[in-house]
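# Architecture and fold: a report
Take a look at the letters that make up each chain.
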Amino acid sequence: MKIFLHNRKDIKVFQNSQPLKVYCKNGNEYVEPQVDADGRFEVQFVKKSEFSGALWFVRALLFWIVGVMGFFTPRYAKCNHSLDCKISGVESNVPLNVSFMHPNPKYGVGVGVKLREEGYRVEGAEYILDKKSCARKRLYSFLSAIGRLAVIVLVVVLAIKAIIG
């Protein structure tokens, strides 16, 4: 059985708490979940913010330093929403098509997962705003700006001391 994933981006796919390998063929991403003897399966789709982990500050600081004050690191996602969706059902001959709609911070939260086929059970298809990761992202942005300013001031002071004597 194949489950085609449309517009997946940074969503991870799990089955029985184990990550599933995402295959790509002709530009289409898909997974092949294991099916029980009676034809049943359950797949979980998870998206978390970079700031929702336990060691988020250490990771952010490391990338800030390695990326030269964060200038050469990829931007963090604007979306601080999380998704924890489970899809279960019985295997059929028709492949399952799952489409992901990513929330826009300007317009609020909406449905995150849509199925094109009928007859499957979907739980938790909506994005949930992670307020803790929003606060952590604001704190990171503030501390990053203060850190950049401090490094620039330090470089200017050392340059002036080197020139003057």
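Residues numbered from 1 in each chain as written. Predicted model: local features only at pLDDT ≥ 70, side-chain atom pairs only at ≥ 80, totals over all residues. Heavy atoms only, no water.

### Quick word on the pattern of salt bridges
Evaluated as defined, the whole model comprises 2 salt bridges. Note that Arg8 and Glu29 form a salt bridge whose closest N and O atoms lie 3.1 Å from each other. One end of the pair, Arg8, is in the loop between β1 (3-6) and β2 (12-15); the other, Glu29, is in strand β5 (residues 28-31), and 21 residues separate them in sequence. In this structure, the salt-bridge partner of Arg121 is Glu123, at a minimum N-O distance of 1.9 Å. The class of Glu123 is partly exposed, set by a relative accessible area of 33%. (Salt bridge = Lys/Arg side-chain N within 4 Å of Asp/Glu carboxyl O. Helix = DSSP H or I, 4+ residues; strand = E, 2+ residues; numbered from the N terminus. Buried < 20%, exposed > 50% of the residue type's maximum accessible area, 1.4 Å probe, protein only.)

### Some thoughts on unusual backbone geometry
At Ser17, a position not held by glycine, the phi torsion is positive, near 65°. As for its position among the elements, Ser17 is in the loop between β2 and β3 (18-19). Take Ser17: its relative accessible area is 65%, and that puts it in the exposed class. At Val68, a position not held by glycine, the phi torsion is positive, near 50°. By the secondary structure assignment, Val68 is in the loop between α1 (56-66) and β7 (81-90).

### Observations concerning the packing of aromatic side chains
Working definition: an aromatic ring pair is given by the centre-to-centre distance plus the angle between the planes. By the definition in use, this model includes 9 aromatic pairs. With 4.7 Å between their ring centres and 55° between their planes, Phe51 and Tyr76 make a pair best called tilted. Residue Phe51 is located in the loop between β6 (40-47) and α1, and its partner Tyr76 is located in the loop between α1 and β7; the two are separated by 25 residues in the primary sequence. You can call Phe51 buried: its relative accessible area is 2%. Members of the aromatic cluster, joined through ring pairs, are Phe51, Trp56, Phe57, Tyr76 and Tyr140. Sitting over the face of the ring of Tyr30, Lys2 holds its NZ or CZ atom 4.5 Å from the ring centroid. Lying across the ring of Phe71, Arg148 places its NZ or CZ 4.3 Å from the centre. (Phe/Tyr/Trp six-rings, centres within 6.5 Å; stacked < 30°, edge-to-face > 60°. Lys NZ or Arg CZ within 6 Å of the ring centre and 35° of its normal.)

### Quick word on helix α2 (residues 131-164)
In this model, α2 (34 residues) spans 50 Å end to end at C-alpha, consistent with the 50 Å of a helix rising 1.5 Å per residue. Within α2 the residues assigned to the buried category are Ser133, Cys134, Arg136, Lys137, Tyr140, Ser144 and Gly147. On its buried side, α2 packs onto α1 and β11 (128-129). Where α2 ends, the next residue or the one after it, Gly165, has phi of about 145°, a positive value. (Expected span 1.5 Å × (residues − 1). Contact = heavy atoms within 4.5 Å.)

### Section: the nonpolar core
A general trend in soluble globular proteins is that nonpolar side chains are found buried together. Among the nonpolar cores identified, the biggest contains 19 residues, and Ile3, Leu5, Phe45, Ile87, Val98 and Val113 are the most heavily contacted of them. Of all the secondary structure elements, the ones that give two or more residues to this core are β1, β6, β7 and β8 (96-100). Those residues in contact with Val113 that sit more than four places away from it in its chain are Leu83, Cys85, Ile87, Val98, Ser99, Phe100 and Ala125. One finds Phe51, Trp56, Ala60 and Met69 within the second-largest nonpolar core, a separate group that totals 6 residues. (Core = buried A, V, L, I, M, F, W, Y, C linked by side-chain atoms within 4.5 Å.)

### A look at the sheet that holds strand β4 (residues 23-25)
Reading across the sheet, the 5 strands line up as β4-β5-β1-β8-β9 and stay open at both edges, with mixed pairing between neighbours. Across the chains shown, the open sheet's two edge strands, defined by having one partner strand only, are β4 and β9 (113-115). Here the average twist between neighbouring strands, direction ignored, is 35°. By the bridge criterion, 4 bridges tie β1 to β8 in an arrangement that is parallel. Pairing of Leu5 across the sheet is with Val98, part of β8. (Pairing = 2+ DSSP bridges. Axes fitted to C-alpha atoms, helices over the stretch in contact; angles between N-to-C directions.)

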